[in-house]
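# Observations on chain architecture
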Amino acid sequence: QVQLVESGGGLVQPGGSLRLSCAASGSIGSLTDMGWYRQAPGKQREFVATVTNVGTTNYADSVKGRFTISRDNAKNTLYLQMNSLRPDDTAVYYCNVIRWFAGRQYYNWGQGTQVTVSS
């Protein structure tokens, strides 16, 4: 059993910042890619950013230059620093991990954390 616990969401004014965290616990095995996705009301879930186990990052064009993804492998924790937030960043943010355990690959999702950007 693996748990992904997200935190750090909330209400922020346009131009503000938030830092999301996602802590993995349980029988994790070996983590490979970790990432953030988001889903706005009435829209499909979309890619935000990913980071590999060696630190290679990839970002959606809409967040490049404003968001920074990072991870602490010792703590099995993923982060997303979000700056210059805009109203269209409002969404539920989900973390996702790809891991290997007992010779099999697994994809796990967190429960989501709400980010609301509004004045």
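Structure's up top.
From a predicted model like this one, the values you see are computed outputs, not experimental measurements.

The rules we used
- Residues numbered from 1 in each chain as written.
- Predicted model: local features only at pLDDT ≥ 70, side-chain atom pairs only at ≥ 80, totals over all residues.
- Heavy atoms only, no water.
- Disulfide = S-S within 2.5 Å.
- Helix = DSSP H or I, 4+ residues; strand = E, 2+ residues; numbered from the N terminus.
- Core = buried A, V, L, I, M, F, W, Y, C linked by side-chain atoms within 4.5 Å.
- Buried < 20%, exposed > 50% of the residue type's maximum accessible area, 1.4 Å probe, protein only.
- Contact = heavy atoms within 4.5 Å.
- Pairing = 2+ DSSP bridges.
- Axes fitted to C-alpha atoms, helices over the stretch in contact; angles between N-to-C directions.
- Lys, Arg positive; Asp, Glu negative; His and termini not counted.
- Salt bridge = Lys/Arg side-chain N within 4 Å of Asp/Glu carboxyl O.
- Polar contact = N/O pair within 3.5 Å; in protein donor to acceptor, adjacent residues only side chain to side chain.

### Description of the state of the cysteines
Applying the stated criterion across every chain yields a total of one disulfide. Here Cys 22 pairs with Cys 95 through a disulfide, and the sulfurs are 2.0 Å apart. Of the two residues, Cys 22 sits in strand β3 (residues 18-26) while Cys 95 sits in strand β9 (residues 91-101), which places them 73 residues apart along the sequence.

### Some points on the nonpolar core
With 30 residues, the main nonpolar core has Trp 36, Leu 80, Met 82 and Tyr 93 as its most contacted residues. If we skip the residues at most four places from it in the chain, Met 82 touches Gly 16, Ser 17, Leu 18, Leu 20, Arg 66, Phe 67, Tyr 93 and Val 115.

### Some remarks on the sheet that holds β3
Overall, antiparallel pairing links the four strands, which are arranged β1-β3-β8-β7 in an open sheet. Strands with a single pairing partner mark the edges of an open sheet, and in this sheet they are β1 (2-7) and β7 (67-72). Strand after strand, the sheet turns through a mean of 15° between neighbouring axes, direction not considered. Of the pairings in the sheet, the one linking β1 to β3 comprises six bridges and is antiparallel in character. The partner of Leu 4 across the bridge, within β3, is Ala 24.

### Notes on the pairing of β3
Two faces belong to every sheet, and in a regular strand the side chains alternate between them. Relative to strand β8 (residues 77-82), β3 runs antiparallel, the two being bridged by six bridges. The residue of β8 that forms the bridge with Arg 19 is Gln 81.

### Structural notes on the side chain of Arg 71
With respect to the secondary-structure elements, Arg 71 resides in strand β7. Buried charge without a salt bridge: Arg 71, with Asp 33 as the nearest opposite-charge side chain at an N-O distance of 5.7 Å. From its side chain, Arg 71 meets the backbone oxygen of Val 51 in a polar contact 3.2 Å long. A polar side-chain atom of Arg 71 sits 3.1 Å from the main-chain carbonyl oxygen of Thr 52.

### A few points about the pattern of salt bridges
Once the charged atoms of two side chains with opposite charge are near each other, the side chains can pair. On inspection of all chains with the given rule, the structure shows five salt bridges. Asp 61 serves as the salt-bridge partner of Lys 64, at 3.2 Å between the closest nitrogen and oxygen. Taking the relative accessible area as the measure of exposure, Lys 64 reaches 49% and is therefore partly exposed. Judged by its relative accessible area of 65%, Asp 61 falls in the exposed class. Via salt bridges that share partners, Arg 38, Glu 46, Arg 66 and Asp 89 belong to a single interconnected network.

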